[in-house]
Amino acid sequence: MNTKFDELLDFPCRFPFKILGLADERLPDMVVEVLQQHAPGDYSPQVRPSSKGTYHAVTVQVTVHSKEQVELLYQQLGELELVKYVL
């Protein structure tokens, strides 16, 4: 990835990840599992269902320490089977 996170953010900082995925009760746990691997912490994901209930939006605040860590988390979260988008 060639992002400008290092120009836009002062590390370390809190960074919100919003993950859009299929409505499955496993989704928040899968997201937290990835976060624990690359940014261990105490996470309380917020889950909001879509209007038709087909998708869930999971939002998590993560303390990140570098541009590379943000990019890695985007990549790893995007590879989860239930995930459609990571914002």
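What comes next concerns the included structure. Given the structure is predicted, the values throughout are model-derived calculations rather than measurements.

1. Some words on the environment of Tyr 74
Phase 1: Relative to the helices and strands, Tyr 74 is located in helix 3 (residues 67-78).
Phase 2: We classify Tyr 74 as buried; its relative accessible area is 17%.
Phase 3: In the structure, Tyr 74 is positioned 25 residues away from Pro 49 in sequence and 21 Å away in space, judged by C-alpha atoms.
Phase 4: Aside from chain neighbours lying at most four places away, what touches Tyr 74 is Met 1, Phe 5, Phe 15, Phe 17, Val 86 and Leu 87.

2. Quick word on the pattern of salt bridges
Think of it this way: side chains of opposite charge can pair up when their charged atoms draw near.
Phase 1: Under the criterion given, the structure shown has 2 salt bridges.
Phase 2: Of the charged contacts, one joins Asp 24 and Arg 26 as a salt bridge, the two residues approaching to 3.0 Å between their closest N and O atoms.
Phase 3: Linking Glu 71 and Lys 67 is a salt bridge whose minimum nitrogen-to-oxygen distance equals 3.9 Å. Taken as a pair, Glu 71 and Lys 67 lie in helix 3 at a separation of 4 residues, close to a single helical turn. There is no split in this pair, since Glu 71 and Lys 67 are both buried.

Rules and cut-offs
Residues numbered from 1 in each chain as written. Predicted model: local features only at pLDDT ≥ 70, side-chain atom pairs only at ≥ 80, totals over all residues. Heavy atoms only, no water. Helix = DSSP H or I, 4+ residues; strand = E, 2+ residues; numbered from the N terminus. Buried < 20%, exposed > 50% of the residue type's maximum accessible area, 1.4 Å probe, protein only. Contact = heavy atoms within 4.5 Å. Salt bridge = Lys/Arg side-chain N within 4 Å of Asp/Glu carboxyl O.

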